[in-house]
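The chain contents come next:
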Amino acid sequence: MKKQKALTVSVLDQYIKDVLSGAIPSGIHLRNAINRFTSDRASLKWKYDEKAINKVITFISKLKHFTGKHNGKHFELEPWQVFIIANLYGFYNWDGPRRFQTCYLEMARKQGKTALVAALSLYSLIDDDEAAAEVLLAANSKDQTKIAFNLVHGFAHGWDP
C-alpha cells in the first residue's frame, strides 16, 4: 500500500505542477480548481485524507475494462482523473462527512469521463462505507446514460477484489 500511496501523491503533485507551469495546457477554471485544492490541502479548515484517496484509487485499479482496445486490462487512471478523485474523496469536515457529495464533470468527448463516473459510481455503491448507498447518473441523452449504466454493470461483473 505504501508504494501505491507514494505513486498517487507523486502523480497528483506532478499534475498540479504541470498545469500551473503551463506544461499541460489548461483554462482558468482548472487553474482555479488547482489553486483551491492546493490552498485547501494546506489549510486547517479541512481534514485532508490521502488514505481515503488511495482507497478509491486501489478500488478502481481492480476494475477491468471489458470492451474495445482495453478489454481485459485493469483500469489505469490518468493524472487528471487522480486529481478529480483527490478533490472528491480527499477532503473531510473535521466532524466526519466528506466535503463534496456531488460532482459535475464537463469536458470534451472521448477522454474517459464516462468510465471514470461509472467506476466512481460503483465505488460509491459498494465500498464507500455508506449504508443503503444510492447513486444517480445523469447525462446529456438517454443513450449516454445507458452507456454509463452498462459500464457500471460491466465493471461490477469483471471486478477483481
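Predicted, not measured: the structure shown is a model, and the values here were computed from it. (Residues numbered from 1 in each chain as written. Predicted model: local features only at pLDDT ≥ 70, side-chain atom pairs only at ≥ 80, totals over all residues. Heavy atoms only, no water.)

Peer 1: Please clarify how the overall build of the protein chain should be interpreted in this entry.
Peer 2: Helices and strands together make up the secondary structure of the protein chain, namely 6 helices and 2 strands. Listing every helix and strand of the protein chain by position from the N terminus yields α-α-β-α-α-β-α-α. Compactness check: the protein chain gives a C-alpha radius of gyration of 16 Å against a globular reference of 15 Å for 161 residues, within 12% of the reference. Along the longest, intermediate and shortest principal axes, the C-alpha atoms of the protein chain span 40 × 35 × 35 Å. Looking at the protein chain residue by residue over its 161 residues, the buried ones come to 33%. In the protein chain, 67% of the contacts between residues at least 6 apart in sequence involve partners at least 24 apart. Summed over its atoms, the accessible surface of the protein chain is roughly 10300 Å², and 56% of this surface lies on carbon and sulfur atoms. Separation of charge centres in the protein chain, based on 22 positive and 16 negative side chains, amounts to 4 Å. (Helix = DSSP H or I, 4+ residues; strand = E, 2+ residues; numbered from the N terminus. Rg over C-alpha atoms; globule rule 2.2 N^0.38 Å. Buried < 20%, exposed > 50% of the residue type's maximum accessible area, 1.4 Å probe, protein only. Contact = heavy atoms within 4.5 Å. Areas by Shrake-Rupley, 256 points an atom, 1.4 Å probe, with all protein chains shown as cover. Lys, Arg positive; Asp, Glu negative; His and termini not counted. Charge placed at Lys NZ, Arg CZ, Asp CG, Glu CD.)

Peer 1: Can you help me understand the environment of Gly158 in this one?
Peer 2: With respect to the element layout, Gly158 can be found in the segment after helix H6 (142-157). You can call Gly158 partly exposed: its relative accessible area is 29%. Between the C-alpha atom of Gly158 and that of Gly27, which follows or precedes it by 131 residues, the distance is 36 Å. Here Gly158 is in contact with Lys62 and Lys64, once residues within four sequence places are set aside.

Peer 1: Would you take a moment to explain a nonpolar patch on the surface for this structure?
Peer 2: On the surface, Leu125, Ile126 and Trp159 cluster together into a nonpolar patch covering about 260 Å² of accessible area. Here Ile126 lies in helix H5 (residues 113-126). (Patch = residues over 30% accessible without salt bridge, like charges linked within 9 Å, V, L, I, M, F, W, Y side chains within 5 Å. Salt bridge = Lys/Arg side-chain N within 4 Å of Asp/Glu carboxyl O.)

Peer 1: What is the right way to read H5 from this model?
Peer 2: Quick reminder: α-helices carry 3.6 residues per turn. Residues three or four places apart thus point the same way. The end-to-end C-alpha separation of H5 is 20 Å, in line with the 20 Å expected for 14 residues at 1.5 Å each. Within H5, 10 of the 14 residues are buried, which leaves it mostly tucked inside the rest of the structure. Considered for burial, the residues of H5 that qualify are Lys113, Ala115, Leu116, Ala118, Ala119, Leu120, Ser121, Leu122, Tyr123 and Ser124. Where H5 is buried, its residues touch helix H3 (50-61), helix H4 (79-90) and H6. (Expected span 1.5 Å × (residues − 1).)

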